[in-house]
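# Residue-level structural notes
For reference, the chains in residue letters:
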Amino acid sequence: VALTAQLSLSLAECPGTGSAQAGRAAACQGCPNQGLCAAGAAGPDPAEAAELRARLRAVRHTVLVLSGKGGVGKSTFSALLAHGLAADETKQVALLDIDICGPSIPKIMGLEGEQVHQSGSGWSPVYVEENLGVMSVGFLLSSPDDAVIWRGPKKNGLIKQFLRDVDWGEVDYLIVDTPPGTSDEHLSIVQYLSATRIDGAVIVTTPQEVSLQDVRKEINFCRKVKLPIIGVVENMSGFVCPKCKNESQIFPPTTGGAEKMCQNLSVSLLGKVPLDPQIGKSCDSGQSFLAEAPESPATLSYRNIIQRIQEYCEQHHLQEEKIM
């Protein structure tokens, strides 16, 4: 009981990574991220921040895709968000995979086996289309089955290298696919991107309470590190049989699903995406589900969600311009 009470107190009193007390407060004692928070408490190293600003100054919008739990379709959503944005050929889109230990983006994007090339201006992204570039640790492995067994500092170093050394060029949207949870990688990407700006985060969940529990933690994390929340996407939200047209709840929303949670926490629900077996098949074959099944209810839902994210980013950009 005493240990539970102590842990609850520590979580409640966490000063957040942006605080001058980050990593130094009494509540930080025993936290596995104490060293990282303490190192970033005074802000990024000025020279490092200037270097990141120089590299990312041509990125107009940055969106992080988060999930509290693995297996909810976060990487699939990141990939389809990138495909959907890149459908406008006037927009340049970049997809950065920082799920260091589980890089699935190369497979989903049909880029398995590709390698990163280096030029005088840095690492070159691997391109799906002329206006859609991808970077992932998966391109640096000799085999897709290789395990990445790294401690936090090495993962953080690679994330910094992706931001600093990849020649993204002029980019309208940088989509960052993160690992599940609220760990070193999340703290690092927020800290490094604080040198520039982040439009916000999209949080992906499934309807059942066991997933929503972790999403509440993710929302709390975003608020602690002052990361704006664009909204929540409820994935795998029911299944409509293509033959009988009856709907089944594969993951029953026993506590009201994402809609009820968003109401309680004052967060926007961007939309609900129903299950479609074609989504899994498209991911395995490295094709865009949006292009392969344009009339699917899931595709229509994705397009509405993508439009809402675009509208949010444009509004956020206008607000920043007014402040400046």
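Preceding block: the structure.
This one's a predicted model, so the numbers in the text were calculated from it and none came from an experiment.

Criteria and thresholds
- Think of each chain on its own: its residues are numbered from 1, step by step along the sequence as written.
- Thresholds applied to this predicted model are a pLDDT of at least 70 for local features of residues and 80 or more for the giving and counting of side-chain atom pairs; totals over whole chains, interfaces and linings are not thresholded and use all residues.
- Values shown for side chains rest on all heavy atoms present in the structure; no hydrogens or waters enter the calculation.
- Secondary structure elements are defined from DSSP: runs of H or I of at least 4 residues count as helices, runs of E of at least 2 residues count as strands, and each element is numbered from the N terminus.
- Each residue is assigned to one of three classes by its accessible area relative to the maximum for its type, calculated with a 1.4 Å probe on protein chains only: buried under 20%, partly exposed between the two thresholds, exposed over 50%.
- The contact definition used throughout considers only heavy atoms, calling two residues in contact when any of these lie within 4.5 Å.
- For the accessible areas, the method is Shrake-Rupley and the probe is 1.4 Å, while residue cover comes only from the protein chains on display.
- Paired strands, in this sense, are two strands between which DSSP finds at least two bridges.
- Here the aromatic set is Phe, Tyr and Trp, taking the six-membered ring for Trp, and pairing holds for ring centres within 6.5 Å; pairs whose planes are under 30 degrees apart are stacked, those over 60 apart are edge-to-face, and all others are tilted.
- Axes here refer to lines fitted to C-alpha atoms; in helices the fit is confined to the stretch in contact. Angles between the N-to-C directions go from 0 to 180 degrees.
- When a carboxyl oxygen of Asp or Glu lies within 4 Å of a side-chain nitrogen of Lys or Arg, that pair is called a salt bridge.

## Structural notes on the overall build of the chain
Assigned secondary structure in the chain consists of 12 helices and 12 strands. Out of the 324 residues belonging to the chain, those deemed buried represent 48%. Within the chain, counting contacts between residues at least 6 apart in sequence, those at least 24 apart form 76% of the total. Carbon and sulfur atoms make up 52% of the accessible area of the chain, which totals about 15,600 Å².

## Looking at the pairing of strand 7 (residues 171-177)
Extensive coverage of strand 7 is indicated by the burial of seven of its seven residues. Looking at chain direction, strand 1 (residues 59-66) and strand 7 are connected through six bridges and run parallel. Bridge pairing in strand 7 links T62 to L174. Where strand 2 (residues 93-97) and strand 7 come together, five bridges link them in parallel fashion. Bridge pairing in strand 7 places L95 opposite I175.

## A closer look at the packing of aromatic side chains
Taken as a whole and assessed by the stated rule, the structure comprises two aromatic pairs. Ring geometry for F77 versus Y302: centroids 5.9 Å apart, planes at 25°, classification stacked. Remark: Y302 occurs in helix 12 (residues 297-323) and F77 occurs in helix 4 (residues 74-86); sequence separation between them is 225 residues. For F77, a relative accessible area of 1% gives the class buried. Given the relative accessible area of 1%, Y302 is considered buried. Between W123 and F162, the ring centres sit 6.0 Å apart and the planes meet at 65°, which makes this aromatic pair edge-to-face. With a gap of 39 residues between them, W123 in strand 4 (residues 122-124) and F162 in helix 6 (residues 152-165) connect regions that are remote in the sequence. Residue classification places W123 among the buried residues on the basis of a relative accessible area of 13%. On the basis of relative accessible area, F162 is assigned to the buried category, the value being 0%.

## Topic: the sheet that holds strand 9 (residues 229-234)
Strand order in the open sheet made by the eight strands is 5-6-2-7-1-8-9-12, with mixed pairing throughout. Each of the sheet's edge strands pairs with one partner strand only, and the pair in question is strand 5 (126-129) and strand 12 (269-272). Here the average twist between neighbouring strands, direction ignored, is 20°. Note: strand 9 against strand 12, three bridges, orientation parallel. Paired with V233 across the two strands is G271, which belongs to strand 12.

## Comments concerning the pattern of salt bridges
Evaluated as defined, the whole model comprises 11 salt bridges. In this structure, the salt-bridge partner of D167 is R55, at a minimum N-O distance of 3.6 Å. Here R55 lies in helix 3 (residues 46-56) and D167 lies in the loop between helix 6 and strand 7, a separation of 112 residues in the sequence. Of the residues examined, D167 reaches a relative accessible area of 27% and is grouped as partly exposed. The class of R55 is partly exposed, set by a relative accessible area of 23%. R216 serves as the salt-bridge partner of E209, at 2.8 Å between the closest nitrogen and oxygen.

## Quick look at unusual backbone geometry
Positive phi outside glycine occurs at K226, with the angle close to 60°. You can see K226 is positioned in the loop between helix 8 (209-224) and strand 9. Looking at K226, the relative accessible area reads 68%, which means it is exposed. Positioned with a positive phi, M236 is a non-glycine residue whose angle comes to about 55°. As for its placement among the helices and strands, M236 is situated in the loop between strand 9 and strand 10 (239-240).

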